[in-house]
Amino acid sequence: AVIALMSNVKKVRGETFNISSYENLSVVEVIKKIESILNVDVKYKILRTAVNEIQTQSVNFNKIKKTLGWIPKNNLKNTTVGIYDWYRKLLAEVI
């Protein structure tokens with residue numbers, strides 16, 4: 001998406017675009033998916049202390065799709081694996 005925006009900077013100057021995948025997930029769903037993808041346990045605690053929290057949000061990427069023809073090519077699974085692999089290689093070089 002960033003490349004599409006930068007390649008069309010004159011066309012989109014001053015515009016705001018939502019960028020997302022097709023997935024709409026809760027925070028707990030994201031944690032559970034990452035646990036499954038990486039085969040790890042993530043320790044988390046739900047505090048329920050937020051006041052006036054928006055219960056459900058979803059990002060609609062129709063504007064960037066209509067304006068630039070951009071659609072998401074990635075999802076949580078392949079992005080998580082890619083980021084994890086990148087960090088693992090980086091840390092192996094450093095340590």
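Note that the structure is a prediction, hence the values are computed from the model and not measured.

Caption draft 1: Broad picture of the pattern of salt bridges. Tallied over the entire structure, the rule returns 3 salt bridges. A salt bridge links Glu15 to Lys63; its shortest N-O distance comes to 2.6 Å. With Glu15 in the loop between helix 2 (9-12) and helix 3 (27-38) and Lys63 in helix 4 (residues 62-68), this pair connects stretches of sequence that are 48 residues apart. Relative accessible area serves as the criterion here: at 38%, Lys63 is assigned to the partly exposed category. When the shortest N-O distance is used, the salt bridge between Glu35 and Lys32 registers 3.6 Å. Taken together, the residues span about one helical turn, with Glu35 and Lys32 both in helix 3 at a distance of 3 residues. Overall, the relative accessible area of 12% leaves Glu35 in the buried class. Take Lys32: its relative accessible area is 42%, and that puts it in the partly exposed class.

Caption draft 2: Structural detail: unusual backbone geometry. Look at Asn39: it is not a glycine, yet its phi comes out positive at around 55 degrees. Residue position: Asn39 is located in the loop between helix 3 and helix 4. At Asn52, a residue that is not glycine, the phi angle is positive and equals roughly 60 degrees. With respect to the secondary-structure elements, Asn52 resides in the loop between helix 3 and helix 4.

Caption draft 3: How the structure looks around helix 3. An ideal rise of 1.5 Å per residue puts 16 Å on 12 residues; helix 3 measures up with 16 Å between its terminal C-alpha atoms. Downstream of helix 3 by one or two residues, Asn39 has phi in the positive range, about 55 degrees.

Caption draft 4: Structural view of the environment of Leu5. Among the secondary structure elements, Leu5 is positioned in helix 1 (residues 2-7). C-alpha of Leu5 to C-alpha of Leu68: the two residues are 63 residues apart in sequence and 7.9 Å apart in space. Apart from residues lying up to four places away in sequence, Leu5 is in contact with Val12, Phe17, Ile19, Ile64 and Leu68.

Caption draft 5: Summary view of the packing of helix 3 against helix 5 (residues 76-94). Contact geometry for helix 3 and helix 5: axes closest at 10 Å, N-to-C directions at 60 degrees. Comparing their axes, helix 5 and helix 3 come out oblique. In the packing of helix 3 onto helix 5, the handedness of the crossing is right-handed. Taking contact as the criterion, the partners of Val30, Lys33, Ile34, Ile37 and Leu38 in helix 3 are, on helix 5, Leu76, Lys77, Thr80, Val81 and Tyr84. The residue inventory of the contact of helix 3 with helix 5, partitioned by class, reads 7 nonpolar, 1 polar and 2 charged.

Caption draft 6: Highlighting the side chain of Ser21. Here Ser21 is to be found in the loop between helix 2 and helix 3. Residue classification places Ser21 among the buried residues on the basis of a relative accessible area of 18%. At 3.0 Å, the side chain of Ser21 and the backbone nitrogen of Glu23 are in polar contact. Ignoring any residue separated from it by four or fewer positions in sequence, one finds Ser21 in contact with Phe61, Pro72 and Asn74.

Here is what the cut-offs are and how they apply
- Residues numbered from 1 in each chain as written.
- Predicted model: local features only at pLDDT ≥ 70, side-chain atom pairs only at ≥ 80, totals over all residues.
- Heavy atoms only, no water.
- Salt bridge = Lys/Arg side-chain N within 4 Å of Asp/Glu carboxyl O.
- Helix = DSSP H or I, 4+ residues; strand = E, 2+ residues; numbered from the N terminus.
- Buried < 20%, exposed > 50% of the residue type's maximum accessible area, 1.4 Å probe, protein only.
- Expected span 1.5 Å × (residues − 1).
- Contact = heavy atoms within 4.5 Å.
- Axes fitted to C-alpha atoms, helices over the stretch in contact; angles between N-to-C directions.
- Parallel < 35°, antiparallel > 145°, perpendicular 65-115°, else oblique.
- Left-handed = near helix turned anticlockwise from the far one by under 90°.
- Nonpolar A, V, L, I, M, F, W, Y, C, P; charged D, E, K, R; others polar.
- Polar contact = N/O pair within 3.5 Å; in protein donor to acceptor, adjacent residues only side chain to side chain.

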